[in-house]
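Next come the chains, spelled out residue by residue.
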Amino acid sequence: MSNNNSALVAIYAHPEAYPPTLNALGVMADELDEISVLHRPIMESNWPYPSNVRLVPSGPAMHVREQERLPLLQKIKLFGTYVRDFRRLIVAQRPKLVLIYDALALFAYSLVRKTPLPKHKVWYHNHDVLEVPEGRLSLNWFASRAEKRIFSKLDFFSLPANERTKFFPMERLKGRYFFLPNLPSVNNYAAVPDPGPPEDEMRLIYQGHVYAGHGFEEIVQLMPFEINGKKVKLLLVGWITDEYKAEIERLAKERGAEDCVEIRGVVPYNELAKLTASCHVGLAVFNFDNIMASTAGTASNKIYEYPACGLPILYFDNPHFRQHLAAFPWAFATDLTPGSLRKVLSEIADNWQETSSAAREDFRRRLNFEATFQSTFQQILLASQ
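What comes next is a walk through the structure.

What counts, and at which threshold
Residues numbered from 1 in each chain as written. Predicted model: local features only at pLDDT ≥ 70, side-chain atom pairs only at ≥ 80, totals over all residues. Heavy atoms only, no water. Pairing = 2+ DSSP bridges. Helix = DSSP H or I, 4+ residues; strand = E, 2+ residues; numbered from the N terminus. Axes fitted to C-alpha atoms, helices over the stretch in contact; angles between N-to-C directions. Buried < 20%, exposed > 50% of the residue type's maximum accessible area, 1.4 Å probe, protein only. Lys, Arg positive; Asp, Glu negative; His and termini not counted. Salt bridge = Lys/Arg side-chain N within 4 Å of Asp/Glu carboxyl O. Polar contact = N/O pair within 3.5 Å; in protein donor to acceptor, adjacent residues only side chain to side chain. Contact = heavy atoms within 4.5 Å. Core = buried A, V, L, I, M, F, W, Y, C linked by side-chain atoms within 4.5 Å.

1. Details of the sheet that holds strand E1 (residues 6-10)
In a beta sheet, neighbouring strands are held together by backbone hydrogen bonds and run either parallel or antiparallel to one another. Ordered in space as E3-E2-E1-E4-E5-E6-E7, the 7 strands form an open sheet in which the pairing is parallel. Lying at the two open borders of the sheet, with one neighbouring strand each, are strand E3 (53-57) and strand E7 (176-179). Averaged over all pairs of adjacent strands, the angle between strand axes in this sheet comes to 20 degrees, irrespective of strand direction. Here strand E4 (residues 97-100) pairs with strand E5 (residues 121-125) via 4 bridges, running parallel. Looking across to E5, one finds that Leu99 is bridged to Trp123.

Set out below in C-alpha cells:
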C-alpha cells in the first residue's frame, strides 16, 4: 500500500455541480497532504478550494449541454482521454485512496485497473443512480454494466439514500458500505446571516435543475395572491431549458403575475447561500415518479440547504417524504392543491420566526455534512493505511 498521504478524486463532471463533493473535499483536505480532482471541465470553476486540492481537467472545456449533443464517436474520444488521464494520475501520484463519484468515472477506472498500477484503496460514492434505456448503446449503457462487474473489487461503497441499495449488486460487495446523506457543510453555511421574516412579501425559492414536478405550475396558477397580507413571489434558481422557461413565463403572463416570478438561472454555489437567505420558504417538492424522487428524502442536498439558511420548507405529502421530514417543525407537507398551498403558507407566515430558528438549530446540531462524513472518512483512512 502506498505511504503517500494523498487521494485522487475522479468525477465525470465538474465537482461544482455536486455540492456534496465540494463538502467532502473540504473535510478530506484537512486530513491529507494532497488531493487531485480529475474532472470534465463542463462549467467554470468558482469555488475557493483548499490550497492542497488541485483540479485536473480532462479534455477540452465545453458546456455540459454541448457535451450531451456531441456525436457518439466524439463522446467516446472524450471518454478515452479521461481514461488515459486517470491512469497517468494514479501512476504519477501513487495515492493511497481513489474516490470515484459517478458511474462513468467508475467505468473509466474499470478499464484503468486492467493495467499495472500502484497499490491503493478504491471508494465509490454514487451521487445518482444511472437510468439507462434498454437496447440503446451509449457510454452510459456500458457504464451501467461495468458498475455491476466491478462491485466485488470495491473497498468502500457509499450512498446518500439507503433506499437506493436495491439498485446496486450489494451481494457482490466485499468491502464496507456507508450511508452518507447529502447535507450542507458547516464550513459553508454556519456564517450565513439569519434571514429576516417576511414583511411586505413572502419569497419562495427553488434551487436546482428547474423542471416540471416541483410545484411551480401549481404555485404560479394561484398568482397573484397574498398570504396574511404578504404578496407571494417565486424565485427559480438553476439550470432551465428555454422551453420550460417559456412555459413558466407564459403561465405567469396568463395570470397577470409576471412581476411575481423571477427566473435567475445558474448561480455559483459559493454565492447561493446568501441568495437563499434573502428568501423565506424553500421548495423541496418532488411530485413525479422516478428513482430520484422516490429516494430524495436524504439524497437531495437542497432540502437541507434551505434550513441551513433558516428557511422552513414545503415538501410533497407522500409516505417517503413524511418518513424523513414529518418530525421537523420547519417542514410542511402539501399536496399542491390550492387549499393546501394556502393553508401551509399561512401556517409558515404565522410561525415563521420559530420555524426559522428551529431549522438553523437542527442544521448546526445534526443536519450538517460533517456530522456524518468525518467519522466515515476516519474509518476509511484507518483502513487505507
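2. Focus: the side chain of Glu217
Among the secondary structure elements, Glu217 is positioned in helix H7 (residues 216-220). It turns out Glu217 is buried and unbridged, and the closest side chain with the opposite charge, Arg250, is 8.7 Å from it. At a separation of 2.8 Å, a polar atom in the side chain of Glu217 contacts the side chain of Tyr244. Excluding residues within four positions of it along the chain, Glu217 makes contact with Ala212, Tyr244, Ile248 and Leu251.

3. Observations concerning the nonpolar core
The biggest cluster of nonpolar side chains holds 99 residues, and the ones touching the most others in it are Met28 and Leu314. A per-element tally of this core places helix H1 (residues 19-29) first, with 6 residues. With 38 residues, the next largest nonpolar core counts Val56, Val83, Ala103 and Phe168 among its residues.

4. Some points on unusual backbone geometry
Residue Pro224 is bonded to the preceding Met223 through a cis peptide linkage, with omega at -10 degrees. The backbone phi angle of Asn228 is positive, close to 50 degrees, even though this residue is not glycine. Structurally, Asn228 can be placed in the loop between strand E9 (226-227) and strand E10 (230-237). Note on Asn228: relative accessible area 39%, which makes it partly exposed. Of note in this structure, Leu336 is not a glycine but carries a positive phi near 75 degrees. Mapping Leu336 onto the fold places it in the loop between strand E14 (331-334) and helix H13 (338-350).

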